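# Report on the structure
Chain by chain, the residues:
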Amino acid sequence: MQVSWHDAKAYCTWAGKRLPTEAEWKKPPEALMDVCIHGGTSPTHQGQFLRPQLSVRVKDDTVDDGYRSTAPVGSYEGGKSPYGAYDMAGNVWEWVADWYDAKYYQHSPARNPQGPPSGIQVVIRGGSWLYTAPDFRASERAGVPADRRNENIGIRCVQTP
């Protein structure tokens, strides 16, 4: 957390990895939704999302996972995707490699879209603990300036096999 898009890219490069493209980032949660739609169990763990200690927009005193803000990675085993990805929604937004265009998916390639070649904002995915319940979705996406740093945006690095 507290890293800009540039910092996130530099860290992933230092670690021998990279930021995922938006298309790569979307794959694990879509697989989980497919499992749920076809008879699996719900990935929802409301304690990860509803923070009664901090949220003024969502208040549910019956839900408390014991963490003041983010939960440690992998705290919700039942929410792991079929690809083994944890925390795809609600812990922190995550930087991806793509520039943001609100209408990109209306004209993008159907297979492995790489995002716009440039832009003013960068894509973040997954929502965060700091937002309201409707925003706790892996499909949640937004565009923010590349130099944004705050407590609810983090990093997920990937490595090409």
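Report on the accompanying structure.

Calculation rules
- Per chain, the residues get numbers from 1 upward, laid out in the order the sequence is written.
- For this predicted model, a pLDDT threshold of at least 70 governs which residues receive local features, and a threshold of 80 or more governs which side-chain atom pairs are given and counted, while totals over whole chains, interfaces and linings are taken from all residues.
- Computation of side-chain values covers all heavy atoms of the structure but excludes hydrogens and water.
- A run of H or I in DSSP counts as a helix once it spans at least four residues, and a run of E counts as a strand once it spans at least two, with each numbered from the N terminus.
- Note on exposure labels: buried denotes an accessible area under 20% of the residue type's maximum, exposed denotes more than 50%, and partly exposed covers the range between, all computed with a 1.4 Å probe on protein chains only.
- Whether two residues are in contact is decided by their heavy atoms: any pair within 4.5 Å suffices.
- The definition of a nonpolar core used throughout is a set of buried Ala, Val, Leu, Ile, Met, Phe, Trp, Tyr and Cys residues joined through side-chain atoms within 4.5 Å.
- In the sections that follow, a salt bridge refers to a side-chain nitrogen of Lys or Arg positioned within 4 Å of a carboxyl oxygen of Asp or Glu.
- Any two strands are treated as partners once DSSP identifies two or more bridges connecting them.
- Here, axes are lines fitted to C-alpha atoms. For helices the fit covers the stretch in contact, and angles between N-to-C directions go from 0 to 180 degrees.
- For this analysis, a ring pair means two rings from Phe, Tyr or Trp (six-membered ring only for Trp) whose centres lie within 6.5 Å, classed as stacked if their planes differ by under 30 degrees, edge-to-face if by over 60, and tilted for the remaining angles.

Glancing now at the overall build of the chain. When its secondary structure is counted, the chain shows three helices and four strands. Start at the N end of the chain and walk to the C end: the helices and strands fall as α-α-α-β-β-β-β. For the chain, the residues scored as buried account for 42% of the 161 residues in total. When contacts within the chain are restricted to residue pairs at least 6 apart in sequence, those whose partners lie at least 24 apart make up 65%.

All right, on to the nonpolar core then. Counting residues in each nonpolar core, the largest one holds twelve residues, listed as Val3, Trp5, Ala8, Cys12, Leu19, Trp93, Trp95, Val122, Ile124, Val144, Ala146 and Ile153. Ranked by the residues each element gives to this core, the list is headed by helix α1 (residues 5-14), at three residues. Once residues within four sequence positions are removed from consideration, alanine 146 is found in contact with Ser4, Trp5, His6, Trp95 and Val122. Within the second largest apolar cluster, seven residues are counted, among which are Trp25, Ala85, Met88 and Val96.

So, on to the side chain of serine 4. With respect to the secondary-structure elements, serine 4 resides in the segment before α1. Apart from residues no more than four positions distant in its own chain, serine 4 is found in contact with Trp95, Ala146, Asp147, Arg148 and Arg149.

It is worth spelling out the pattern of salt bridges at this point. Pairing between side chains becomes possible if they bear opposite charge and their charged atoms approach one another. Counted by the stated rule, this structure contains five salt bridges. With a closest N to O distance of 2.8 Å, glutamate 24 and arginine 18 form a salt bridge. With relative accessibility at 29%, the residue arginine 18 sits in the partly exposed group. One network of salt bridges, with partners in common, ties together Glu22, Arg125 and Arg141.

Right, let's talk about the sheet that holds strand β3 (residues 141-144) for a bit. Overall, mixed pairing links the four strands, which are arranged β3-β2-β1-β4 in an open sheet. Strands at the two margins of the open sheet, each flanked by one partner only, are β3 and β4 (153-154). Looking at chain direction, strand β2 (residues 122-125) and β3 are connected through four bridges and run antiparallel. Each residue of the ladder has a partner; that of valine 123, found in β3, is glycine 143. Against the sheet, α1 makes contact with β1 (93-99) and β2, and its axis sits at roughly 90 degrees relative to β1, the strand it touches most.

The full count for this structure, using the stated rule, is three aromatic pairs. With 5.6 Å between their ring centres and 35 degrees between their planes, tyrosine 11 and tryptophan 14 make a pair best called tilted. Of this pair, tyrosine 11 and tryptophan 14 both sit in helix α1, three residues apart, roughly one helical turn. Since its relative accessible area comes to 42%, tyrosine 11 is described here as partly exposed.

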